Amino acid sequence: MGVSDRAQDTDWLELCRRATEALRGILADAPSTAERVREVGTRGEGGDRTLIIDAEAEEAVFRELEALHDEGLRFTAVSEERGTIDFGDPDTLVVIDPIDGSVNAKRGLPHHSISVAVASGPTMADVFFGYVFDFGTKEEWVARRGEGAFLDGRPLSGPGPKEEVEILSFEATLTESVAKQVGAMVGFAPRTRVMGSLALTLCHLAAGRVDAVCSLKPARSVDIAAAQLLVKERGFAIDLPDRPPFANAPLDVGPHSRVVAAATPELCAELYRRLNSSR
């Protein structure tokens with residue numbers, strides 16, 4: 001069995017669940033904002049200032065990955081805090097954001113998650129497994145390429161996002177950015193939401209809870225690699241329109257393009273047009 005075949009057969013869901021349980025313990029041990037806002041004094045490879053809870057969360061995930069490596073599995077880890085770490089195989093990538101929505105996490109707000117994607121190559125099209133766990137709602141989102149998307153072990157089904165947008169969810173929402181963009185959405189989306197976790201927002205789109213998603217600054221693969229697979233497995237549209245095509249987006253820690261997602265490619269195009277009209 002080749003390395004890539006072994007990676008495909010690895011129980012990634014069980015690994016993610018073990019890491020998630022460790023992260024739940026870390027968050028429970030630091031319940032207050034004062035404990036969660038402590039910084040380690042450096043910036044992660046993704047550019048954000050690293051909080052102690054970010055560092056501890058990433059360490060919990062890497063303990064699980066290192067155990068897999070000790071058992072003979074080879075891969076490369078791509079992490080928001082550490083960057084790219086070689087574990088012996090450049091073609092199998094594990095893309096990790098230990099806490100997506102870390103501002104929410106440090107302030108005790110519910111929407112924050114772990115996001116893990118596994119890919120058989122260097123681009124978004126190569127992702128074959130995605131996992132997102134919401135530490136607020138305790139919901140577990142999973143996708144497997146060609147097998148569908150799942151919420152708490154049950155297939156996601158039923159109505160998806162509406163083609164006549166009712167709820168638009170913004171991400172990367174500095175007040176100045178929202179002020180510049182929200183006017184362009186009048187007539188397109190009568191209601192807006194801000195969750196503070198791009199991974200979770202995309203999961204909610206896959207479930208039909210919101211109808212369109214856009215990030216107001218370039219997104220990183222660590223934020224979207226897992227959740228985009230849920231969107232794709234449900235047959236909905238997602239794009240990185242500043243740097244197309246989406247399938248070729250590199251699985252690295254750099255920000256490359258804003259992301260838009262909706263029921264159809266046409267809605268994504270209209271959303272992007274409106275984003276650019278306010279510039």
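That block above? That's the structure.
Everything in this summary refers to the structure shown in the same document. (Residues numbered from 1 in each chain as written. Predicted model: local features only at pLDDT ≥ 70, side-chain atom pairs only at ≥ 80, totals over all residues. Heavy atoms only, no water.)

## Examining the packing of aromatic side chains
Scanning the entire structure with this criterion turns up 3 aromatic pairs. Considering the side-chain rings of Phe 62 and Phe 87, the 6.3 Å spacing of their centres and the 35 degrees angle between planes classify their relative orientation as tilted. Taken together, the residues Phe 62 in helix α4 (residues 52-70) and Phe 87 in strand β4 (residues 83-100) connect sequence positions 25 residues apart. When sorted by exposure, Phe 62 lands in the same class as Phe 87, which is buried. Judged by centre distance (5.4 Å) and plane angle (70 degrees), the ring pair of Phe 133 and Phe 135 falls under edge-to-face. On the basis of relative accessibility, which here comes to 6%, the residue Phe 133 falls in the buried class. On the basis of relative accessibility, which here comes to 6%, the residue Phe 135 falls in the buried class. An aromatic cluster of at least three residues, connected via ring pairs, comprises Phe 62, Phe 75 and Phe 87. A cation over a ring is seen here: Arg 82 above Phe 62, with NZ or CZ 4.1 Å from the ring centre. (Phe/Tyr/Trp six-rings, centres within 6.5 Å; stacked < 30°, edge-to-face > 60°. Helix = DSSP H or I, 4+ residues; strand = E, 2+ residues; numbered from the N terminus. Buried < 20%, exposed > 50% of the residue type's maximum accessible area, 1.4 Å probe, protein only. Lys NZ or Arg CZ within 6 Å of the ring centre and 35° of its normal.)

## What to know about α4
In this model α4 runs 26 Å from its N-terminal to its C-terminal C-alpha over 19 residues, within 8% of the 27 Å that 1.5 Å per residue would give. Every buried residue belonging to α4 is among Ile 52, Ile 53, Asp 54, Ala 57, Glu 58, Ala 60, Val 61, Phe 62, Glu 64, Leu 65 and Leu 68, and all of these are buried. (Expected span 1.5 Å × (residues − 1).)

## A closer look at the packing of helix α2 (residues 12-29) against α4
In the contact formed by α2 and α4, the axes pass within 9 Å of each other and the chain directions differ by 150 degrees. Comparing the axis directions of α2 and α4 gives the class roughly antiparallel. Note on packing geometry: the crossing formed by α2 with α4 is right-handed. Contacts between α2 and α4 pair Trp 12, Leu 15, Arg 18, Ala 19, Ala 22, Leu 23, Ile 26 and Leu 27 from the former with Ile 53, Glu 56, Ala 57, Ala 60, Val 61, Glu 64, Leu 65 and Leu 68 from the latter. (Axes fitted to C-alpha atoms, helices over the stretch in contact; angles between N-to-C directions. Parallel < 35°, antiparallel > 145°, perpendicular 65-115°, else oblique. Left-handed = near helix turned anticlockwise from the far one by under 90°. Contact = heavy atoms within 4.5 Å.)

## Here's the deal with the pattern of salt bridges
Within this structure, the stated rule accounts for 14 salt bridges. We note a salt bridge from Arg 191 to Glu 166, for which the minimum N-O separation is 3.9 Å. With Arg 191 in strand β11 (residues 191-194) and Glu 166 in the loop between β9 (154-155) and β10 (167-171), the pair connects residues that are 25 residues apart, well separated along the chain. Judged by relative accessible area, Arg 191 falls into the partly exposed class, the value being 45%. The closest approach of N and O atoms between Glu 176 and Lys 180, which form a salt bridge, is 3.5 Å. Here Glu 176 and its partner Lys 180 are both found in helix α6 (residues 175-181), 4 residues apart, which amounts to about one turn of the helix. By the burial criterion, Glu 176 is exposed, and Lys 180 matches it. Each of the salt bridges in this network shares a partner with another, and the network as a whole consists of Glu 14, Arg 18 and Glu 64. (Salt bridge = Lys/Arg side-chain N within 4 Å of Asp/Glu carboxyl O.)

## A short note on helix α9 (residues 265-277)
Between the first and last C-alpha of α9 there are 18 Å, a value that for 13 residues agrees with the 18 Å anticipated at 1.5 Å per step. Among all positions in α9, only Leu 267, Cys 268, Leu 271, Arg 274 and Leu 275 are buried. On an axial view of α9, the arc spanned by its buried residues comes to 125 degrees, and they lie on one face. Among the exposed residues of α9, those oriented more than 90 degrees off its buried face are Pro 265 and Glu 266. Contact partners of the buried residues in α9: β10, α6, β12 (212-215), β14 (237-239) and β16 (260-262). (Arc of directions from axis to C-beta.)

## Overview of the nonpolar core
A general tendency of soluble globular proteins is for nonpolar side chains to be buried together. Core analysis: the biggest nonpolar cluster contains 43 residues, and Trp 141 and Leu 202 have the highest contact counts within it. The element contributing the most residues to this core is helix α8 (residues 221-233), with 8 residues. For Leu 202, the residues in contact, after removing those within four places along its chain, are Val 213, Ile 224, Ala 227, Val 231, Ile 238 and Ala 261. Listed in part, the 35 residues of the second largest apolar core include Leu 15, Val 61, Val 94 and Tyr 131. (Core = buried A, V, L, I, M, F, W, Y, C linked by side-chain atoms within 4.5 Å.)

## A closer look at unusual backbone geometry
Most peptide bonds take the trans form, and the phi angle of most residues other than glycine is negative. Residue Pro 245 follows Pro 244 across a cis peptide bond; omega there is -5 degrees. Topologically, Pro 245 is positioned in the loop between β14 and β15 (255-257). Positive phi, normally seen in glycine, also occurs at Ala 172, with a value near 55 degrees. Mapped onto the fold, Ala 172 is located in the loop between β10 and α6.

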